[in-house]
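# Notes for the structure review
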Amino acid sequence: MCCATGTGSRDLATSKIDTSEIVSHLNHHLFRNTTDERYATFFFGVYDSETRQLFYTNAGHLPPFI
């Protein structure tokens, strides 16, 4: 069984992956390039197979099932 966290960040090897920062940039891009009547929901996750942890950012979805 893997673990899940909503923290949004994890050091993987030498690079830091921050799922919340990536989703924030995507949100700003979508906001600037879409009309007010449109919206999007999004789930972005990074699974670390060494630690068996899932780091994710949930934007507009119900909480995920693990």
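Each remark here, short or long, concerns the structure printed above.
Below, the structure is looked at part by part. Model, not experiment: these values are computed from the prediction.

### Considerations on the layout of surface pockets
There is about 310 Å³ of room inside the largest pocket. At five residues, the largest contribution of residues to the lining of the largest pocket is made by helix α1 (residues 19-33). In terms of residue class, the lining of the largest pocket is built from eight nonpolar, four polar and two charged.

### Considerations on the pairing of strand β4 (residues 42-48)
Direction of pairing for β4 relative to strand β5 (residues 53-59): antiparallel, over a ladder of seven bridges. Across the sheet, the residue bridging to F44 is T57, located in β5. Where β4 folds back onto β5 in an antiparallel hairpin, the turn is made up of four residues, including R52, whose phi is positive at roughly 60°.

### A few points about the packing of aromatic side chains
Within the structure shown, the criterion is met by two aromatic pairs. Taking the centre distance of 5.5 Å and the plane angle of 25° together, the rings of F43 and Y56 count as stacked. Taken together, the positions of F43 in strand β4 and Y56 in strand β5 put the pair 13 residues apart, joining distant regions of the chain.

### Describing a nonpolar patch on the surface
Together, L26, L30 and F42 make up an exposed nonpolar region whose accessible area comes to about 210 Å². For L26, the location among the structural elements is in helix α1. Of the residues examined, L26 reaches a relative accessible area of 31% and is grouped as partly exposed.

### A closer look at the environment of E37
Its location among the elements puts E37 in the loop between α1 and β4. For E37, a relative accessible area of 65% gives the class exposed. Of the polar contacts made by the side chain of E37, one reaches the side chain of T35; its length is 2.8 Å.

### Some thoughts on unusual backbone geometry
The phi dihedral of R52 is positive, around 60°, even though this residue is not glycine. Relative to the helices and strands, R52 resides in the loop between β4 and β5. Classification of R52 by relative accessible area gives partly exposed; the value is 43%.

Rules behind the numbers
Sequence order as written defines the numbering, with residues in each chain counted from 1. Given that this is a predicted model, residues contribute local features only at a pLDDT of at least 70 and side-chain atom pairs are listed and counted only at 80 or more, while totals for whole chains, interfaces and linings are drawn from all residues. Hydrogens are left out, water is left out, and the side-chain values use all remaining heavy atoms of the structure. The way it works is a 1 Å grid over only the protein atoms, where trapped points that fit a 1.4 Å probe form a cavity and open points with protein on both sides within 12 Å along at least five of seven lines form a pocket, and then any residue with an atom within 4 Å of a point lines it. Grid points are joined across faces, edges and corners, and a volume is the space filled by probe spheres set on the points. In this text, helices come from DSSP runs of H or I with a minimum length of four residues, and strands from runs of E with a minimum of two, each type numbered from the N-terminal end. Amino acids are sorted into nonpolar (Ala, Val, Leu, Ile, Met, Phe, Trp, Tyr, Cys and Pro), charged (Asp, Glu, Lys and Arg) and polar (every other residue, Gly among them). In this description, strands pair whenever DSSP reports at least two bridges between them. The pairing test for Phe, Tyr and Trp rings, Trp by its six-membered ring, is centres within 6.5 Å, and the orientation test on the planes gives stacked under 30 degrees, edge-to-face over 60, and tilted for anything in between. Exposure above 30% relative accessible area and the lack of any salt bridge qualify a residue for a patch; like charges then connect within 9 Å, and the nonpolar side chains Val, Leu, Ile, Met, Phe, Trp and Tyr within 5 Å. Only the protein chains shown count as cover for residues, and all accessible areas are computed by the Shrake-Rupley method using a 1.4 Å probe. What makes a salt bridge here is a side-chain nitrogen of Lys or Arg within 4 Å of a carboxyl oxygen of Asp or Glu, nothing more. Working definition: with a 1.4 Å probe on protein chains only, accessible area under 20% of the residue-type maximum means buried, over 50% means exposed, and in between means partly exposed. Pairs of N or O atoms are called polar contacts if they sit within 3.5 Å, as long as, within protein, a hydrogen donor faces a hydrogen acceptor (for residues adjacent in sequence, only side-chain-to-side-chain pairs).

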